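# Residue-level structure breakdown
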2 protein chains.
Amino acid sequence: MKEYQIDVQLSSNLKEKPAFDQLSFGTVFTDHMFIMDYTEGMGWHDARIVPYQPISLDPSAIIFHYGQTVFEGLKAYNTKDNEILLFRPDENMKRLNRSNKRLVIPEIDEDFALYALKKLIAVDKDWVPSVEGTSLYVRPFIFATEPYLGVRPSAQYSFVIILSPVGAYYKEGINPVKIAVEGDFVRAVKGGTGNAKTAGNYAASLKAQHDAEKQGYSQVLWLDGRENKYIEEVGSMNVFFKIDGEVVTPELNGSILEGITRKSVIELLQYWNIPVVERKISIEELFAAHHEGKLEEAFGTGTAAVISPIGELSWNGEKITVNNLETGPLAKKIYDSLTGIQTGVAEDPFGWRVVVETE
Amino acid sequence: MKEYQIDVQLSSNLKEKPAFDQLSFGTVFTDHMFIMDYTEGMGWHDARIVPYQPISLDPSAIIFHYGQTVFEGLKAYNTKDNEILLFRPDENMKRLNRSNKRLVIPEIDEDFALYALKKLIAVDKDWVPSVEGTSLYVRPFIFATEPYLGVRPSAQYSFVIILSPVGAYYKEGINPVKIAVEGDFVRAVKGGTGNAKTAGNYAASLKAQHDAEKQGYSQVLWLDGRENKYIEEVGSMNVFFKIDGEVVTPELNGSILEGITRKSVIELLQYWNIPVVERKISIEELFAAHHEGKLEEAFGTGTAAVISPIGELSWNGEKITVNNLETGPLAKKIYDSLTGIQTGVAEDPFGWRVVVETE
Ligand SMILES: Cc1ncc(COP(=O)(O)O)c(C=O)c1O
Ligand SMILES: Cc1ncc(COP(=O)(O)O)c(C=O)c1O
């Protein structure tokens, strides 16, 4: 591996680790973080690993006002043999740069960023939990730091990576959830930022999500912003339907995030010779398929939950139940295969795993 | 005026003030800032005025990842008689709360927020410039501070107000600008966050704006996100057209920001008995009106520039010139009237001015 220059300042005050069998999501952070700065004319500089610490910004920093920021999310797993594995991290770095382009943020060196990420995990290797269902969630993010109130791209940025040991996303294990189809609010639209992993998309999603939860749903199913007709995503996940033996997922149209789990599921299905197609699918078509008895399974895909089966869908005053509110065989098979590859218990025919060297 | 409790900690190290005749926009900040925190179960608390200082946040603070934030922008003016005037600040506080609702941020007490804003200006009153065209730009903003990586509304927030003495927005005075009609990117869509003043809208706008500037335009004209057909806004301003003696501005449709300057312009026009209508207007209609010799004037409206005449519009490879690239008589009349009211040189028949008590 190419050697890069990263200054490492170890913490002299290590935190107490939480009980790894009682982890929740995104509340506990490790002892260190990676940080690197960008200054116009100088490029990215001062890559360093430092004790986990607050970020201090001028109140006029562009991030606070104009949200110029992008992020990524991936996981590191501890295998039975105490190896630390990442899942397709190069895809995250590529997507980070695609997001950067959309947000007019200077690109990063993907190889270097991956090197830095591994180095940080190696420093905090004792934080990678090994209890079943747990992992180390990795959050790289870049944000505009220039103190300036004009609306234009920042001349200064920070790139930070933080690590958080996490438990299973759904406490009760993989269990079908109830989903409300969102008819009023939209998450993103063609020409907007939906296919970039940027803060504003998530801010836009909070209200619908919040309202749905109050009504007993765990997520919303988003429809497209142009016609409020075509299915886009479910919560912060991509979505798949098994209809009459064929697996259908909404095609990438510029407003859907290109999920790495989504891509992996498509590749797995192709490998298994299960028919899978990326195309437009309207909410009418989905409900019609159900009425004809052809909607066999529905599930979301994403790094956090891996696979999240959908048991009930509510739209326009009608509720439909998918696969008797049980996890379908395909969702189960994909979940087992993906987590098997991710955690090192299964073969990795695709070469998706990347080992983190800890010595 | 009702008295509220605000702790004031004055700076012992006052900054040197910039030359007030050489100010730009949004780069220089005053000696103090207002800050107040929100904690779930406690509400808003610890309102204080403190020396202008960095904001320190956990790297996992929700603002960095999910952009849960809203802001406002208004100006304070120094009159010839050394009175400090605000322009319809109650409207900003109302809009802040409307934005809060959309972003699932707890509402603020509008009266208290206005009181705090005035108090902060009074503390930094020597920073309100009095040179022609200058003002004190006021930036209230609220952002999610809870350290948590889950996607849901934050349980903690800060509300901050900062002040920046600013020069005229367009250095060369009010002068017509060249605008590119944006055909690919969109700023906002119905069901999204376009009518809230929230960071993600501005992040989404950077790329189109950046590309337009590279091609010699100063802003883009945004079309709607559903059909890419109807005119929405220009840059970060609302937009007006005078067509065949009638003034037309896009109707509020959920994706357009409800500008306070827009509202004031409509009220002024009505007061003057100049026909003004809020309705859908397509880009085809606008270009057709030009071809028929009926497009008399075009201008943007917003707090920063007040009125910004549009001299040239480029769309689909065609360039049209409005009013010979000169500021039209209506734009000039509105600009003079609004700035006259704002700076105290003209009558205020609408009661739009609010005095900041400095003793
Ligand atoms: C909006 C959105 N859609 C889909 C996904 C799934 O992407 P991935 O499979 O890369 O985690 C994510 C991220 O988790 C997301 O935030
Ligand atoms: C997107 C956008 N549209 C319009 C406006 C104009 O609003 P106002 O007149 O209240 O400044 C602003 C703010 O300046 C804005 O940010």
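Just so it is clear, the model here is predicted, and its values are computed rather than measured. (Residues numbered from 1 in each chain as written. Chains lettered and ligands numbered in written order. Predicted model: local features only at pLDDT ≥ 70, side-chain atom pairs only at ≥ 80, totals over all residues. Heavy atoms only, no water.)

### Here's the deal with the pattern of salt bridges
For the coordinates displayed, the defined rule picks out 34 salt bridges over all chains. One salt bridge in this structure joins Asp37(A) and Arg48(A), with 3.0 Å as the shortest N-O distance. In this pair, Asp37(A) sits in strand S2 (residues 32-39) while Arg48(A) sits in strand S3 (residues 43-51), placing the two residues eleven residues apart along the sequence. Between Glu146(B) and Arg152(B) there is a salt bridge; the shortest N-O distance is 2.8 Å. (Salt bridge = Lys/Arg side-chain N within 4 Å of Asp/Glu carboxyl O. Helix = DSSP H or I, 4+ residues; strand = E, 2+ residues; numbered from the N terminus.)

### Digging into the site of ligand 2
Residue and element names in this part refer to chain B. For ligand 2, the set of nearby residues contains 15 residues, the closest of which are Tyr-202, Glu-233, Ile-260, Thr-261 and Thr-303. Side-chain polar atom of Thr-261 to an oxygen atom of ligand 2: 2.6 Å apart, as the coordinates give it. With the chains in place, 95% of the 380 Å² that ligand 2 exposes on its own is no longer accessible. Those elements that place two or more of their residues in the shell around ligand 2 are helix H5 (260-271) and strand S16 (295-302). Across the shell around ligand 2, the residue classes tally to four nonpolar, seven polar and four charged. (Near = heavy atom within 4 Å. Polar contact = N/O pair within 3.5 Å; in protein donor to acceptor, adjacent residues only side chain to side chain. Areas by Shrake-Rupley, 256 points an atom, 1.4 Å probe, with all protein chains shown as cover. Nonpolar A, V, L, I, M, F, W, Y, C, P; charged D, E, K, R; others polar.)

### Let's talk about helix H7 (residues 329-343) of chain A
Residues and elements named next belong to chain A. Here H7 spans 21 Å end to end across 15 residues, near enough to the 21 Å set by a 1.5 Å rise per residue. Considered for burial, the residues of H7 that qualify are Leu-330, Ala-331, Ile-334, Ser-337, Leu-338, Thr-339, Gly-340, Ile-341 and Gln-342. Gly-344 sits one or two residues past H7 and shows a positive phi near 85°. (Expected span 1.5 Å × (residues − 1). Buried < 20%, exposed > 50% of the residue type's maximum accessible area, 1.4 Å probe, protein only.)

### Some thoughts on the side chain of Ser154(B)
Residue and element names in this part refer to chain B. Within the secondary structure layout, Ser-154 lies in the loop between strand S8 (135-144) and strand S9 (156-166). Polar contacts involving the side chain of Ser-154 include one to the main-chain amide nitrogen of Glu-146, which spans 3.3 Å. Among all residues touching Ser-154, those that are not within four sequence positions of it are Glu-40, Ile-62, Gln-68, Ala-144, Thr-145 and Glu-146. (Contact = heavy atoms within 4.5 Å.)

### Points about the site of ligand 1
Residue and element names in this part refer to chain A. In the neighbourhood of ligand 1, 15 residues make up the surrounding shell, with Tyr-202, Glu-233, Ile-260, Thr-261 and Thr-303 lying closest. The side chain of Arg-95 places a nitrogen or oxygen atom 2.8 Å from an oxygen atom of ligand 1. Side-chain polar atom of Thr-303 to an oxygen atom of ligand 1: 2.6 Å apart, as the coordinates give it. When ligand 1 is considered free in solution it has 390 Å² of accessible area, and contact with the protein chains removes 95% of it. Elements supplying a minimum of two residues to the shell around ligand 1: helix H5 (260-271) and strand S16 (295-302). Taken together, the residues that form the shell around ligand 1 break down as four nonpolar, seven polar and four charged.

### Quick notes on the relation of the copies chain B and chain A
Mapping chain B onto chain A calls for a screw motion: a turn of 180° about the axis and a shift of 0.0 Å along it, with 0.0 Å RMSD after fitting. Within this description, the copies of the chain are treated as partners about a two-fold rotation axis. Both copies contact each other with a shared surface, as 100% of the interface residues of chain B are interface residues in chain A too. (Least-squares fit on C-alpha atoms with pLDDT ≥ 70 in both.)

### Things to note about the nonpolar core
The biggest cluster of nonpolar side chains holds 127 residues, and the ones touching the most others in it are Phe34(A), Ile121(A), Phe159(A), Phe34(B), Ile121(B) and Phe159(B). Discounting chain neighbours no more than four positions away, the residues touching Phe34(B) are Ile6(B), Ala47(B), Arg48(B), Ile49(B), Phe112(B), Ala116(B), Leu120(B), Phe159(B), Val160(B) and Ile161(B). (Core = buried A, V, L, I, M, F, W, Y, C linked by side-chain atoms within 4.5 Å.)

### Points about the domain arrangement of chain A
Bring the parts together and some accessible area is lost; that lost area is often taken as the interface size. All names here are of chain A. Partitioning chain A into domains gives domain 1 (7-167) and domain 2 (177-343). Distance from the C-alpha centre of domain 1 to the C-alpha centre of domain 2: 27 Å. Both faces considered, domain 1 and domain 2 share a buried interface measuring about 1,900 Å² in area, 57% of it formed by carbon and sulfur atoms. For the domain 1 face of the interface with domain 2, the top three residues by lost area are Phe-71, Phe-87 and Arg-95, together amounting to 32%. (Domains from an automatic or database assignment. Buried area = accessible area lost by both parts, 1.4 Å probe.)

### Some remarks on the pairing of strand S14 (residues 246-250) of chain B
Residue and element names in this part refer to chain B. With four of its five residues buried, S14 lies for the most part within the structure. Note that strand S13 (residues 238-243) and S14 share three bridges and pair antiparallel. Within S14, the position partnered with Ile-243 by the bridge is Glu-246. Linking S13 back to S14 in an antiparallel pair, the connection comprises two residues, with Asp-244 at a positive phi of about 55°. (Pairing = 2+ DSSP bridges.)

### Digging into the pairing of S16(B)
Residues and elements named next belong to chain B. The buried fraction of S16 amounts to seven of the eight residues, a majority that puts the element mostly inside the structure. Summarising the sheet, S13 and S16 pair through six bridges and their orientation is antiparallel. Following the sheet pairing, Asn-238 is matched in S16 by Thr-301. Two elements, S16 and strand S17 (residues 306-315), share four bridges in a ladder whose sense is antiparallel. Within S17, the residue paired with Gly-300 across the bridge is Ser-308.

### Considering the interface of chain B and chain A
Contacts between the two partners involve 60 residues from chain B, matched on the other side by 60 residues from chain A. At the boundary of chain B with chain A, total buried surface from both sides reaches about 5,000 Å², with 66% on carbon and sulfur atoms. The three residues of chain B that bury the most area against chain A are Pro59(B), Phe64(B) and Leu206(B), which together make up 14% of that side's buried surface. Inspection of the region where chain B meets chain A yields 21 residue pairs in polar contact (both at pLDDT 80 or more). Where the side of chain B that touches chain A is concerned, the elements lending two or more residues are strand S4 (55-57), helix H1 (62-66), strand S5 (69-71), helix H2 (89-102), S8 and helix H4 (199-214) of chain B. The dominant element in the side of chain B that touches chain A, judged by the number of residues it contributes, is H4(B), at nine residues.

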